[in-house]
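# Topology and contacts: notes
So you can see what is in the structure, the chains are spelled out below.
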Amino acid sequence: MTMSEAVSTGALVLIGVILTVLLMQYLRLREIWHVALACRQDARWARIWEMENRELRSALRAEKAHIEQLQSKLVILQNLISAER
């Protein structure tokens, strides 16, 4: 094997190693990209659920206030009924 053949063979082996490393990096980055997309989607669902929870808590507060109002009216009516007797 001549010197130029040895250099050419070494260059081809080095190119093969570089391509293998690039392929491994590509596969790793692709995996990271899929994880990032999943995180983004999960964050979107978390925002939606948080907004729904806020709306539900607000509705619950309104219902509790309505119940308190009805209870106070009931007490007034009971007092009126007992005063008439």
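What you see is a predicted model, and the numbers here were worked out from it, not measured in a lab.

Calculation notes
- Within each chain, residue numbers correspond to sequence positions counted from 1 in written order.
- Only residues with pLDDT of 70 or above have their local features reported here, since the model is predicted, and side-chain atom pairs are shown and tallied only from 80 upward, although totals for entire chains, interfaces and linings are computed over all residues.
- To get the side-chain values, all heavy atoms of the structure are used, and hydrogens and water are removed first.
- For Phe, Tyr and Trp, rings pair up if their centres lie within 6.5 Å, where Trp contributes its six-membered ring, and each pair is then called stacked (planes under 30 degrees apart), edge-to-face (over 60) or tilted (otherwise).
- Helix and strand assignments follow DSSP, with helices taken as H or I runs no shorter than four residues and strands as E runs no shorter than two, numbered in order from the N terminus.
- UniProt positions are given in the numbering used here, feature names are shortened, and annotations may be inferred rather than shown by experiment.
- By definition here, a salt bridge exists when the distance from a side-chain nitrogen of Lys or Arg to a carboxyl oxygen of Asp or Glu is within 4 Å.
- Only protein chains enter the calculation, and the probe is 1.4 Å; a residue is then buried if its accessible area is under 20% of its type maximum, exposed if over 50%, and partly exposed in between.

### Describing the packing of aromatic side chains
Applying the stated criterion across every chain yields a total of one aromatic pair. Pairing W45 with W49 gives two aromatic rings, centres 5.9 Å apart and planes at 35 degrees, and the pair type is tilted. Of the two residues, W45 and W49 both sit in helix α1 (residues 3-84), four residues apart, roughly one turn of that helix.

### Focus: the UniProt feature "coiled-coil region" (unreviewed entry) in the protein
When the UniProt feature table is mapped onto this chain numbering, "coiled-coil region" (unreviewed entry) sits at residues 53-80. Across residues 53-80 one finds 100% helix and 0% strand; the C-alpha atoms that close the span lie 40 Å apart.

### Some remarks on the UniProt feature "transmembrane region" (unreviewed entry) in the protein
Under the UniProt annotation, the feature "transmembrane region" (unreviewed entry) is placed at residues 6-27. As a span, residues 6-27 carries 100% helix and 0% strand, and end to end its C-alpha atoms are 32 Å apart.

### Some points on the pattern of salt bridges
Counted according to the given criterion, the structure contains two salt bridges. Among the salt bridges present, the one from E50 reaches R54, with a minimum N-O distance of 4.0 Å. Remark: R54 and E50 occur in helix α1; sequence separation between them is four residues, near one turn of the helix. The exposure class assigned to E50 is partly exposed, which follows from its relative accessible area of 36%. When salt bridges with common partners are traced through the structure, they connect E50, R54 and R57 into a single cluster.

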